Amino acid sequence: MAERPAAARGGRTATHVTLLIGAAVMVGPFLWQFLTSLKTLSNAMKVPPTFTPDWRWSNYGDVFELLPFGHQILNTVLMTAARTAGQLLFCSMAAYAFARLRFPGRGLLFGIFLSVLMVPPPLFVIPQYEIMADLGWLNSLTALIVPGLFSAFGVFLLRQFFLGLPKELDEAARLDGAGPLRIYWSVMLPLAKPGLLALGILTVLWSWNDLFWPLIVNTDPEQMTLSAGLASLQGQFQTDYPVLMAGSLLASLPVIVLFTVMQRHFIQGIAFSGNKG
Amino acid sequence: MTATVTGTADDVRTAVPAPVPARRRRRWRHRGAEAAWAYLLIAPTGLGLAVFYLWPVLQTGYFSFTEWGPFGGHEWVGLDNYRTLAADDEVLTALRNTVAYTLLGLLGIPLAVMFAALLNRPRLRGVSAYRALFFLPVVTMPVAVAMVWRWLYNGDYGLINYVLSLVGVEGPHWIADPATALYALVAVGIWTSLGYNIVIFLAGMQAIPREYYEAAAIDGAGALAQFRRITLPLLSPSLFFVSVLSVIGSLQLFDLVYVMGGSGQSARANPAFPRIQTVVHLFYDKAFYTNDRGYAAAIVMALLVLIVTLTAIQFRLQKRWVHYG
């Protein structure tokens, strides 16, 4: 290459040093969180701070006494699973129709869908809350799930995927006598797996971490999600910080594990939505 | 398949006029079936979006002209809410803070570009490990992130002030000090979104053909010149996307302020709270803490105007600096 080897090596070291410093700043808070979660309260409050944990694993059990943590884990899992399943099904149906079928009003309808994408969520919230209140759904799993079953973003993302599939596919299936439903289910869905995976992962991430909506509709601690439950402890400055750190770690762990296992798909999903959405 | 269309077009037109409409009708019926299926497939999401998203936007617009009683009833008050809003110090402060967050948050973009450029070096080892580490805060629950940082920022027991004390600096009570609270929150915001932006920039950079750089190197262009003349212009669509997203995201900042600054009584106890209050937090407070929903609706309509205006400005300016290859 045109680069001189010595200069390149020097630059390479500087690159790694910069990246390592950056990575340390990124990971440091998590390490400190983990360390704190294993301390006694008095050790955590020491000045200057100590780096020696007391290995108090019981802090992780104490979270379940501080909050109805078990209920909240279950609520979060069920909400996330239901929203993800619903979005994958409903969004892929609509996306297939928009991408592969011809019908009057297609452009107009899609435009209306896109307009939802551009409205900031706080604008929906008061009427959504009123609907939930009128239906008697407040403080229930239903309130957490229902509005999240529908997503304009999901339709948009999957439509991009369906548009990218070759035209010959449905033409061939059509000649073989398959109807739109059959083509959607047996031809398009299997081919759209990378798109479905990307949408699924993003929906899990957003749902699991969602705070605003769960905070508003479910105020009974047993009906809260993890993020709302943890947030409900804010302001109680007397709270046992080590236990709080243990709870925070436990609550974010599932998504971090999912990310570690499916890193490639995560990154692809983000890069895809980022460069085409 | 169909015997009637075996002749030439002339034959059909002159000799047998009837089959043409018949065939047309059959195709139309097929189209009709296709359209029916399409509407059926769209129906669940369409109805869901209509009931839970489209209609609510219109309702919020209507609510912004009403005043709510303690039991949920509301009456039309015309422009009253907007008049109050324009003179309300709390609203104006929240607006000013929100704009400050948005502008300061943009500082994260050059930082992300720098890290992406470092990661984009050819044959660099450990790219995926670095990328994963930088991405960690993106996937972590925002509430948990806010908790950790509140602990790190703690004025008495926080790690940050301890590290500063090692070099002889006495750190402030970061999020309880009006002078530093806003900047402390901006830093966490940048820290959280850095990995996401790096991934997008890195994908954009990797799409730039290597040959461009090789040709530039032969012409004697150094690394910096290559970055300025090749990378930046070709990365401009990603830069545009990230800056639009960053502005829209910052204007809706809530989670961090809610967890680190508090809400309701605890927020009022924090002397720095007026310096970090955002529009969405104020909206939440009015709509669900003090139950002043009409006024809250007006506040969030003002936010909509702000978002639409800033986004429109960005799209207008786009023509000057964004190059689509």
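About the cut-offs
- Residues numbered from 1 in each chain as written.
- Chains lettered and ligands numbered in written order.
- Predicted model: local features only at pLDDT ≥ 70, side-chain atom pairs only at ≥ 80, totals over all residues.
- Heavy atoms only, no water.
- Helix = DSSP H or I, 4+ residues; strand = E, 2+ residues; numbered from the N terminus.
- Buried < 20%, exposed > 50% of the residue type's maximum accessible area, 1.4 Å probe, protein only.
- Contact = heavy atoms within 4.5 Å.
- Buried area = accessible area lost by both parts, 1.4 Å probe.
- Salt bridge = Lys/Arg side-chain N within 4 Å of Asp/Glu carboxyl O.
- Polar contact = N/O pair within 3.5 Å; in protein donor to acceptor, adjacent residues only side chain to side chain.
- Nonpolar A, V, L, I, M, F, W, Y, C, P; charged D, E, K, R; others polar.
- Core = buried A, V, L, I, M, F, W, Y, C linked by side-chain atoms within 4.5 Å.
- Domains from an automatic or database assignment.
- Patch = residues over 30% accessible without salt bridge, like charges linked within 9 Å, V, L, I, M, F, W, Y side chains within 5 Å.
- Areas by Shrake-Rupley, 256 points an atom, 1.4 Å probe, with all protein chains shown as cover.
- Lys, Arg positive; Asp, Glu negative; His and termini not counted.
- Charge placed at Lys NZ, Arg CZ, Asp CG, Glu CD.
- Axes fitted to C-alpha atoms, helices over the stretch in contact; angles between N-to-C directions.
- Left-handed = near helix turned anticlockwise from the far one by under 90°.
- UniProt positions renumbered as here; feature names shortened; annotations may be inferred.
- Parallel < 35°, antiparallel > 145°, perpendicular 65-115°, else oblique.
- pLDDT = per-residue confidence, 0-100.

Thoughts on the overall build of chain A
Per the secondary structure count, chain A includes 15 helices and zero strands. Each principal axis of the C-alpha distribution contributes one length, and for chain A these read about 75 × 70 × 30 Å. Out of the 277 residues in chain A, the part that is buried amounts to 53%. Here the analysis covers contacts within chain A between residues at least 6 apart in sequence; of these, 73% occur between residues at least 24 apart.

Section: the interface of chain A and chain B
Contacts between the two partners involve 100 residues from chain A, matched on the other side by 91 residues from chain B. Between chain A and chain B the total buried area reaches about 8700 Å² when both faces are included, carbon and sulfur atoms providing 76% of it. Where chain A packs against chain B, one counts two salt bridges. Inspection of the chain A/chain B interface yields 16 residue pairs in polar contact (both at pLDDT 80 or more). With 18 residues, helix α1 (residues 5-37) of chain A is the single largest residue contributor to the side of chain A that touches chain B. Of the residues that constitute the side of chain A that touches chain B, the class distribution is 72 nonpolar, 22 polar and six charged.

Describing the nonpolar core
Ranked by size, the top nonpolar core spans 182 residues in total, and within it Phe162(A), Phe134(B), Phe135(B), Phe201(B), Met260(B) and Phe283(B) carry the most contacts. The leading source of residues in this core is helix α9 (residues 181-206) of chain B, at 16 residues. Counting contributing residues, this core receives three or more from each of domain 1 (20-54) and domain 2 (82-324) of chain B.

Focus on the side chain of Ser252(A)
Tracing the sequence through the fold places Ser252(A) in helix α14 (residues 241-261). Here Ser248(A) takes part through its backbone oxygen, which lies 2.6 Å from a polar atom of the side chain of Ser252(A). If near-sequence neighbours (up to four positions away) are discounted, Ser252(A) is found in contact with Thr140(B), Met141(B) and Ala144(B).

Some words on a positive patch on the surface
A cluster of basic residues, Arg102(A), Arg106(A), Lys167(A) and Arg31(B), forms a positive patch at the surface. Judged by its relative accessible area of 30%, Arg31(B) falls in the partly exposed class.

Considering the packing of α14(A) against helix α6 (residues 127-139) of chain B
Between two packed helices, both the angle of their axes relative to each other and the distance between the axes serve to describe the pair. For the pair α14(A) and α6(B), interaxial distance at closest approach is 10 Å and the crossing angle is 145°. Where α14(A) crosses over α6(B), the handedness of that crossing is right-handed. Touching Val255(A), Ile256(A) and Phe259(A) of α14(A) are Ala132(B), Phe135(B), Leu136(B) and Val139(B), all from α6(B). A class-by-class count of the residues in the contact of α14(A) with α6(B) yields seven nonpolar, no polar and no charged.

Looking at unusual backbone geometry
A cis amide bond links Val47(A) to the next residue, Pro48(A), at an omega of -10°. Residue placement: Pro48(A) occurs in the loop between α2 (41-44) and α3 (58-66). Despite not being glycine, Trp55(A) shows a phi value in the positive range, around 55°. Counting through the fold element by element, Trp55(A) comes out in the loop between α2 and α3. Residue Arg123(B) is not a glycine yet carries a positive backbone phi of 55°. Assessed through its relative accessible area of 62%, Arg123(B) is described here as exposed.

With respect to the UniProt feature "transmembrane region" (unreviewed entry) in chain B
UniProt marks residues 35-55, 99-120, 132-152, 181-203, 234-254 and 294-313 of chain B with the feature "transmembrane region" (unreviewed entry), using the numbering shown here. Structurally, residues 181-203 of chain B is divided into 100% helix and 0% strand, and its ends, taken at the C-alpha atoms, are 34 Å apart.

What about the packing of helix α11 (residues 193-209) of chain A against α14(A)?
All names here are of chain A. As a packed pair, α11 and α14 sit with axes 10 Å apart at the nearest point and diverge in direction by 170°. Relative to α14, α11 is oriented roughly antiparallel. Across the interface between the two elements, Val-204, Leu-205, Trp-208 and Asn-209 of α11 pack against Ala-251, Pro-254, Val-255 and Leu-258 of α14. For the contact of α11 with α14, the class distribution of residues is seven nonpolar, one polar and no charged.

Looking at helix α15 (residues 279-289) of chain B
All names here are of chain B. For α15, a buried count of ten out of eleven residues is recorded, marking the element as mostly surrounded by other parts of the structure. Among the residues of α15, those classed as buried are Val-279, Val-280, His-281, Leu-282, Phe-283, Tyr-284, Asp-285, Lys-286, Ala-287 and Phe-288. Where α15 terminates, the next one or two residues include Asn-291, which has phi positive at roughly 55°.

Section: the domain arrangement of chain B
In terms of domain boundaries, chain B breaks down into domain 1 (20-54) and domain 2 (82-324). Each of domain 1 of chain B and domain 2 of chain B has a C-alpha centre, and these two points are 43 Å apart.

Observations concerning the confidence of the model for chain B
Mean pLDDT for chain B: 89, with 90% of residues reaching 70 or above. Low confidence marks residues 1-28 of chain B, where pLDDT is under 50. Its contacts with residues over four positions away, or in another chain, come to eight contacts.

Considerations on the UniProt feature "transmembrane region" (unreviewed entry) in chain A
All names here are of chain A. Sequence positions flagged by UniProt for "transmembrane region" (unreviewed entry) are, in local numbering, residues 14-35, 73-96, 108-129, 141-162, 183-208 and 241-261. Secondary structure across residues 14-35 divides into 100% helix and 0% strand, with the first and last C-alpha atoms of the span separated by 30 Å. Structurally, residues 183-208 is divided into 96% helix and 0% strand, and its ends, taken at the C-alpha atoms, are 33 Å apart.

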